[in-house]
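Letter by letter, the chains look like this.
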Amino acid sequence: MKSPAFEYIRAESVAGAMSAYAAAGDDVVYLAGGHSVVPSLALRLQAPALMIDLSEIAALSGISFQDGWLRIGAMTRHVQAINDPLIAAQAPLFAAAAPFVAHPAIRNRGTLGGSLAHADPASEFPAAAVAMRVELEIASPKGTRRVPADEFFLDIYETAIEPGEILLAIHVPSPVAGQVIGFDEIVRRQGDYAMVGAAVQAVAKDGVLEDISIALFSVGNRPTRAVAAQAALMGRVIDDASIADAKAALGDDLDPPDDLQFPATMRLHLARVLLGRILANLEAVA
Ligand SMILES: Cc1cc2nc3c(=O)[nH]c(=O)nc-3n(C[C@H](O)[C@H](O)[C@H](O)COP(=O)(O)OP(=O)(O)OC[C@H]3O[C@@H](n4cnc5c(N)ncnc54)[C@H](O)[C@@H]3O)c2cc1C
């Protein structure tokens, strides 16, 4: 199916994009890599009168340090998360997540900002963003603000970005010495959306966990922080007993829906299997 007709403009600045959006009313869509928005037009899930292309706006590009945080421009492509040494060193969960996202053709065009703004609950980058405790820099006509990842993802395909606002960048706090990460998903075929997935970041001293941050995806309406599983692990060594307690605690964190793929009980079971697998791998390095 072809998309309905729409006007197209390529914005040169954030202010220009936002004023074009305001002038056109709410019947507008921003374009980044296009790998979610273009299929949605072709499927006639939306039919905007105007598409505003953000890809040439310099303020949305670049990877640099700012006030001790890594600033990743929203237009950074998925493939850069695999290849960029700064992302590998400073935002390792994005680097670990990227190879799981679709296929090279999609990763060459898809952007980190687009993935976070789209907020598909089955996507890898949003969970990595929650686990790394990133902050999202959002521009509105009134100015810019930073929103912690835990408050950014509101519901399925819904974020703290208001209509007309633009996600400028992702700010990643610097990793602490000794920090380790784990990322994995259970999937029917490589490149498919995950049946369940998890991103984990941890800091241990003398083997005892001083910090642990766990986010799961494909388990509900948004990336889900596993608060109870984190509490079950804090201050303990990662071993069979603490892993078993964390897996049990996931029952308090997750309330997955029954869906056409499989029942909620199976999704919870898979989440427990996956978390146990990731933690067992962390045990070797923590
Ligand atoms: C066949 C296929 C398989 C895929 N498999 C996966 C997968 O396994 N895992 C996965 O995570 N994703 C997958 N994707 C989605 C892909 O990663 C998308 O590229 C990504 O979700 C959206 O990024 P984008 O840059 O293409 O955004 P676009 O499609 O351009 O935009 C997506 C949405 O975000 C908005 N938006 C984009 N940038 C901004 C911004 N800076 N500010 C405000 N709003 C913005 C747009 O208006 C739109 O609503 C797949 C896509 C396809 C086509």
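Residues numbered from 1 in each chain as written. Predicted model: local features only at pLDDT ≥ 70, side-chain atom pairs only at ≥ 80, totals over all residues. Heavy atoms only, no water.

## Some points on the domain arrangement of the chain
Part 1 of the reasoning: Looking at the assigned domains, one finds that the chain contains domain 1 (7–53), domain 2 (58–173) and domain 3 (179–285).
Part 2 of the reasoning: Put simply, the middle of domain 1 and the middle of domain 2, counted by C-alpha atoms, are 19 Å apart.
Part 3 of the reasoning: Residue-level contacts link 10 residues of domain 1 with 18 residues of domain 2.
Part 4 of the reasoning: On the domain 1 side of the interface with domain 2, the three residues burying the most area are Val14, Met18 and His35, jointly 47% of the side's total. (Domains from an automatic or database assignment. Contact = heavy atoms within 4.5 Å. Buried area = accessible area lost by both parts, 1.4 Å probe.)

## So, the UniProt feature "domain: FAD-binding PCMH-type" (unreviewed entry) in the chain
Part 1 of the reasoning: As recorded in UniProt, the sites labelled "domain: FAD-binding PCMH-type" (unreviewed entry) are residues 1–177.
Part 2 of the reasoning: Taken end to end, residues 1–177 is 34% helix and 26% strand, and its first and last C-alpha atoms sit 52 Å apart. (UniProt positions renumbered as here; feature names shortened; annotations may be inferred. Helix = DSSP H or I, 4+ residues; strand = E, 2+ residues; numbered from the N terminus.)

## Points about the sheet that holds strand E12 (residues 196–205)
Part 1 of the reasoning: One open sheet holds the four strands; their spatial order is E11-E12-E13-E14, and the pairing between them is antiparallel. In the strand order of this sheet, the two ends are held by strand E11 (179–186) and strand E14 (224–225), each with one partner.
Part 2 of the reasoning: Examined bridge by bridge, strand E13 (residues 208–217) and E14 share two bridges and lie antiparallel to one another. Bridge pairing links Leu216 to Thr224 in E14.
Part 3 of the reasoning: Here helix H8 (residues 124–131) sits on the sheet in contact with E11, E12, E13 and E14, set at roughly 155° to E13. (Pairing = 2+ DSSP bridges. Axes fitted to C-alpha atoms, helices over the stretch in contact; angles between N-to-C directions.)

## A look at helix H1 (residues 14–24)
Part 1 of the reasoning: Among the residues making up H1, those that are buried are Val14, Ala17, Met18, Ala20 and Tyr21. Relative to the axis of H1, the buried residues are bounded by an arc of 160° and lie together on one face. Relative to its buried face, H1 has exposed residues pointing more than 90 degrees away, namely Ala15, Ala22 and Ala23.
Part 2 of the reasoning: At the N-terminal boundary of H1, the capping side chain belongs to Ser13, with an oxygen 2.9 Å from the backbone nitrogen of Gly16.
Part 3 of the reasoning: Positive phi shows up at Gly25, right after H1, with a value of about 85°. (Buried < 20%, exposed > 50% of the residue type's maximum accessible area, 1.4 Å probe, protein only. Arc of directions from axis to C-beta. Polar contact = N/O pair within 3.5 Å; in protein donor to acceptor, adjacent residues only side chain to side chain.)

## What about the layout of surface pockets?
Part 1 of the reasoning: Reported here for the largest pocket is a volume of approximately 1300 Å³.
Part 2 of the reasoning: The wall of the largest pocket is formed by 47 residues, among which Ser36, Val37, Gly114, Ala117 and His118 lie closest to the centre.
Part 3 of the reasoning: Those elements giving two or more residues to the lining of the largest pocket turn out to be strand E2 (28–31), helix H2 (37–42), helix H7 (112–118), strand E9 (158–159) and strand E10 (166–173).
Part 4 of the reasoning: Among the elements that make up the lining of the largest pocket, the one with the highest residue count is H7 (five residues).
Part 5 of the reasoning: For the lining of the largest pocket, the residue count by class is 23 nonpolar, 18 polar and six charged.
Part 6 of the reasoning: Reported here for the second largest pocket is a volume of approximately 190 Å³.
Part 7 of the reasoning: Taken together, 13 residues line the second largest pocket, and the ones lying closest to its centre are Pro121, Ile156, Ser218, Gly220 and Asp259.
Part 8 of the reasoning: Looking at the lining of the second largest pocket, its residues break down into six nonpolar, four polar and three charged. (1 Å grid on protein atoms, 1.4 Å probe; cavity = no way out; pocket = protein on both sides within 12 Å on 5 of 7 lines; lining within 4 Å. Points joined across faces, edges and corners; volume = space filled by probe spheres on them. Nonpolar A, V, L, I, M, F, W, Y, C, P; charged D, E, K, R; others polar.)

## Some remarks on the site of the ligand
Part 1 of the reasoning: Close to the ligand lie 29 residues; Tyr30, Gly34, Val37, Thr111 and Ser123 are nearest.
Part 2 of the reasoning: One of the backbone nitrogen or oxygen atoms of Gly33 is found 2.8 Å away from an oxygen atom of the ligand.
Part 3 of the reasoning: Gly34 is positioned with one of its backbone polar atoms (N or O) 2.7 Å from an oxygen atom of the ligand.
Part 4 of the reasoning: When the ligand is considered free in solution it has 970 Å² of accessible area, and contact with the protein chains removes 86% of it.
Part 5 of the reasoning: Of the pockets mapped on this structure, the ligand occupies the largest pocket.
Part 6 of the reasoning: Elements with a minimum of two residues in the shell around the ligand: E2, H7 and E10.
Part 7 of the reasoning: Of the residues contributing to the shell around the ligand, the split by class is 14 nonpolar, 12 polar and three charged. (Near = heavy atom within 4 Å. Areas by Shrake-Rupley, 256 points an atom, 1.4 Å probe, with all protein chains shown as cover. Sits in = over half its atoms within 2 Å of the grid points.)

## Some words on the nonpolar core
Part 1 of the reasoning: If you look at the biggest cluster of nonpolar residues, it comprises 60 residues, and the most contacted ones within it are Ile72 and Phe94.
Part 2 of the reasoning: When residues no more than four places from it in sequence are discounted, the contact partners of Phe94 are Ile72, Ala81, Ile87, Leu112, Phe125, Ala128, Ala129, Met132, Ile170 and Val172.
Part 3 of the reasoning: Formed by 29 residues, the second largest nonpolar core is a distinct cluster that contains Leu233, Leu254, Leu270 and Leu282. (Core = buried A, V, L, I, M, F, W, Y, C linked by side-chain atoms within 4.5 Å.)

## Some thoughts on the pattern of salt bridges
Part 1 of the reasoning: Counted according to the given criterion, the structure contains nine salt bridges.
Part 2 of the reasoning: Arg267 serves as the salt-bridge partner of Asp259, at 2.3 Å between the closest nitrogen and oxygen. (Salt bridge = Lys/Arg side-chain N within 4 Å of Asp/Glu carboxyl O.)

## Quick notes on the pairing of E10
Part 1 of the reasoning: The element E10 is extensively covered by neighbouring structure, given that seven of its eight residues are classed as buried.
Part 2 of the reasoning: Inspection of the sheet shows strand E6 (residues 135–140) paired to E10 by five bridges, in the antiparallel sense. Bridge pairing in E10 places Glu137 opposite Ala169.

## What to know about the sheet that holds E2
Neighbouring strands of a sheet are bound in pairs by backbone hydrogen bonds; such pairs are parallel or else antiparallel.
Part 1 of the reasoning: One open sheet accounts for three strands, arranged E1-E3-E2; its pairing is parallel. The open sheet terminates on both sides in strands that have one partner only, identified here as strand E1 (7–10) and E2. Between one strand axis and the next, the sheet turns by 20° as a mean value, whatever way the strands run.
Part 2 of the reasoning: Across four bridges, the pairing between E2 and strand E3 (residues 50–53) is parallel. Paired with Leu31 across the bridge in E3 is Asp53.

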